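# What the coordinates show
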Amino acid sequence: MPPPADIVKVAIEWPGAFPKLTEIDQKKPLSAIIKEACDGWSLTNHEYYALQHADSTNFYITEKNRNEIKNGAILRLTTSPAQTALQLHERIQSSSMDAKLEALKDLASYSRDITFAQEFINLDGISLLTQMVESGTDFGDMLSFTLTAFVELMDHGIVSWDTFSVAFIKKIASYVSKFPSDIAILQRSLAILESMVLNSHDLYQKVAQEITIGQLIPHLQGADQEIQTYTIAVINALFLKAPDDRRQEMANILAQKQLRAIILQYVIRAQRAINNEMAHQLYVLQVLTFNLLEDRMMTKMDPQDQAQRDIIFELRRIAFDAESEPNNSGGNVEKRKSMYTRDYKKLGFINHVNPAMDFTQTPPGMLALDNMLYFAKHQQDAYIRIVLENSSREDKHECPFGRSSIELTKMLCDILKVGELPSETCNDFHPMFFTHDRSFEEFFCICIQLLNKTWKEMRATSEDFNKVMQVVKEQIMRALTTKPSSLDQFKSKLQNLSYAEILKIRQSERMNQEDFQSRPILELKEKIQPEILELIKQQRLNRLVEGTCFRKLNSRRRQDKFWYCRLSPNHKVLHYGDLEESPQGEVPHDSLQDKLPVADIKAVVTGKDCPHMKEKGAKQNKEVLELAFSILYDSNGQLNFIAPDKHEYCVWTDGLNALLGKDMMSELTRNDLDTLLSMEIKLRLLDLENIQIPDAPPPIPKEPSNYDFVYDCN
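Residues numbered from 1 in each chain as written. Predicted model: local features only at pLDDT ≥ 70, side-chain atom pairs only at ≥ 80, totals over all residues. Heavy atoms only, no water.

### Points about the sheet that holds strand β11 (residues 637-642)
- With respect to topology, three strands assemble into an open sheet ordered β9-β10-β11, the strand pairing being antiparallel. Whereas interior strands pair on both sides, the edge strands pair on one side only; in this sheet they are β9 (601-606) and β11. When strand polarity is set aside, the average angle formed by the axes of neighbouring strands in this sheet is 15°.
- Strand direction decides the pairing type here: β9 and strand β10 (residues 628-633), joined by five bridges, are antiparallel. Residue pairing for β10: Val-605 is matched across the bridge by Ser-630.
- Here helix α28 (residues 646-659) sits on the sheet and contacts β9, β10 and β11; the angle it forms with β10, its principal contact strand, is near 25°. (Pairing = 2+ DSSP bridges. Helix = DSSP H or I, 4+ residues; strand = E, 2+ residues; numbered from the N terminus. Axes fitted to C-alpha atoms, helices over the stretch in contact; angles between N-to-C directions. Contact = heavy atoms within 4.5 Å.)

Here's what the structure looks like:
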């Protein structure tokens, strides 16, 4: 008799009959289980049948996923994937328009299942769909469901994108301009174009010839945020896959079409919330735009290049308004060199004789010089004030404009990750960078003035240069986290983050290491730490009870599927299930059909140890690996997660480890523990304020020679 763990009690449905309660032996072949179910209803040719989950749409049970069947599950006996694929292949070629439409609706639904998709593709089903599109005879719902089925089938990654003809690409591209009012057709056409560009170099070339930015721009001016998201995704894909020598050309086209201004007006400042997918696409566009600076950032200055040297001359001229140049007579040449050296020192260059040498380090390379010239020309008064103000200070207190600009440019490139590819999961876009065509240069202009202000507030000397840069970086980062809507608002935020304010913030955020490392305090910490950890544990478990929406990442991000997982209030069962879209709030337990008893969990693994990361391996970037974790349970079962962000990753891994009686090891737990310990200790020591706590307890006095002083009550 098989062990109870291998027996699953389920109900199996068959159309027109009462469901049958039965037991499934997971050690038996699936074909034998299907045959038993067929025999129960006297059905012959059991190889033509298969099992599906009755509470999900057309997802087949296979040898690979059968371990997901739980006690109490309701299954459905239905035709096999091969038979269903064959029937639908015939039905979509029906001469009856109504029958064909119904067949395409069914195909779009069934194609979400990879088992069916493989069978339909084996019948050359993709070619049939592309021929239907190329024929141009279908419109409206017929075309919409054809494209939907095509998108779902291609989403499984079974067929290469390189196999499609120019005629098919032309047809899809034409729908972008031909059916602007048909949201379904437009949405799927944009999704197909994006996938073509991202997955095939050859198709990028063909799509780039067929679709223009001018055709895409009108879709950003509509009210449908989903269409706007798909449109920006196509623009990002074309931008990302463009050859290096064409990216600047494409950026110029986007500038001519006023893409930034349109996005600002119709997307960012529209009266509606920006969803996560739109935020991701705006982040990608922001990164790709800043990456255009990489070439200048990695270009060293050529000291022999007269055009480049002229920029330095221009900086000097604007700052000091040099009058007529001395004659080139021998004596005047020396005088002129001496004057230039003096002025270059006032400008704050490290190399006073040949400042071109200051720009040979990459990064920031020539980008720093570009920023300095932009500041000098577009904010001339501020530039002259900074230069002259520092040139009149004592040598040791002057803030070197040249050196500061170079280091600041390097810092800003690091903050904005110039030159790095966009992350697949990040949504961190900044609205203020969409408010100006030269946002990086304007960003620099604000920050260089901040640097000069902070230098004065710190009363810094040349030895304090690195300390000042650290404070400036903290000021910039703190202002950016508030997501200012404009550059002026960013500047205003910085005004409230003076050096004095930064010191207050630092003091409030960190414990005084000297006071809190004494022996009595350490013993107090050790005593109260268990109750703090218990508090953190309860918070983590409460968050698991609330639940989280997770993504199922695939090759085309906008077609990601969602699923929800939450812990039961008694902490004994995990409830989970698929969702059609991201929920707005908590998902009730009763709407999540799948269950996993906590008692069945064997282990929780993370990162590269996760089964779904081992399968995709090299395809996964660092960000995805850092957010991946899996639950391993009985019979080699697994539940795979990719957290929406690092915070949720820490909450779930901590909570799951707490359920298993293991230590919570995440960075979030360490931070929470430090914060709560610090607060608790400070509260307990309020009565001892300004009283010195000794490092060691006072010595115990010797026992008295006698105890005659003790009062005798008798």
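### Comments concerning the pairing of strand β3 (residues 49-53)
- A large share of β3 lies buried, amounting to five of its five residues.
- Neither face of β3 is left uncovered, since the one carrying Tyr-49, Leu-51 and His-53 and the one carrying Ala-50 and Gln-52 both have all their residues buried.
- Pairing of β3 with strand β4 (residues 74-79), which is carried by five bridges, proceeds in the antiparallel orientation. When the sheet's bridge partners are listed, Leu-51 is paired in β4 with Leu-77. (Buried < 20%, exposed > 50% of the residue type's maximum accessible area, 1.4 Å probe, protein only.)

### A look at the nonpolar core
- The biggest cluster of nonpolar side chains holds 79 residues, and the ones touching the most others in it are Leu-129 and Ile-263.
- Excluding residues that lie within four positions of it along the chain, Ile-263 makes contacts with Leu-220, Ile-232, Ile-268, Leu-282, Leu-285 and Phe-434.
- The next biggest cluster of nonpolar side chains, apart from the first, holds 66 residues, and it includes Tyr-374, Phe-443, Cys-445 and Cys-447. (Core = buried A, V, L, I, M, F, W, Y, C linked by side-chain atoms within 4.5 Å.)

### Overview of the packing of aromatic side chains
- Inspection of every chain in the model, using the stated rule, returns 30 aromatic pairs.
- Taken together, a centroid distance of 5.8 Å and an interplanar angle of 70° make the contact between Trp-14 and Tyr-49 edge-to-face. Here Trp-14 is found in the loop between β1 (7-13) and β2 (20-25), whereas its partner Tyr-49 is found in strand β3, with 35 residues between them in sequence.
- Residue classification places Trp-14 among the partly exposed residues on the basis of a relative accessible area of 22%.
- Under the relative-accessibility criterion, Tyr-49 is labelled buried at 18%.
- A cation over an aromatic ring shows up here: Lys-20 above the ring of Trp-41, its NZ or CZ 4.8 Å from the ring centre.
- Over the ring of Phe-465 we find Arg-403, and its NZ or CZ is 3.8 Å from the ring centre. (Phe/Tyr/Trp six-rings, centres within 6.5 Å; stacked < 30°, edge-to-face > 60°. Lys NZ or Arg CZ within 6 Å of the ring centre and 35° of its normal.)

### As for the sheet that holds β2
- Pairing in this open sheet of four strands is mixed, and the strands run β2-β1-β4-β3 from one edge to the other. The open sheet has two free edges, formed respectively by β2 and β3, since each of these has just one partner strand. With strand direction ignored, the average angle separating the axes of adjacent strands in the sheet is 45°.

### Focus on the packing of helix α21 (residues 439-458) against helix α23 (residues 487-495)
- Interhelical geometry of α21 versus α23 gives an angle of 15° and a closest axis separation of 11 Å. When the interaxial angle is binned, α21 and α23 end up roughly parallel. As for how α21 packs across α23, the hand of that crossing is right-handed. Residues Glu-442, Phe-443, Ile-446, Cys-447, Leu-450 and Lys-453 of α21 form the contact with α23, whose participating residues are Leu-487, Phe-490, Lys-491, Leu-494 and Gln-495.
- Within the contact of α21 with α23, the residues separate by chemical class into seven nonpolar, one polar and three charged. (Parallel < 35°, antiparallel > 145°, perpendicular 65-115°, else oblique. Left-handed = near helix turned anticlockwise from the far one by under 90°. Nonpolar A, V, L, I, M, F, W, Y, C, P; charged D, E, K, R; others polar.)

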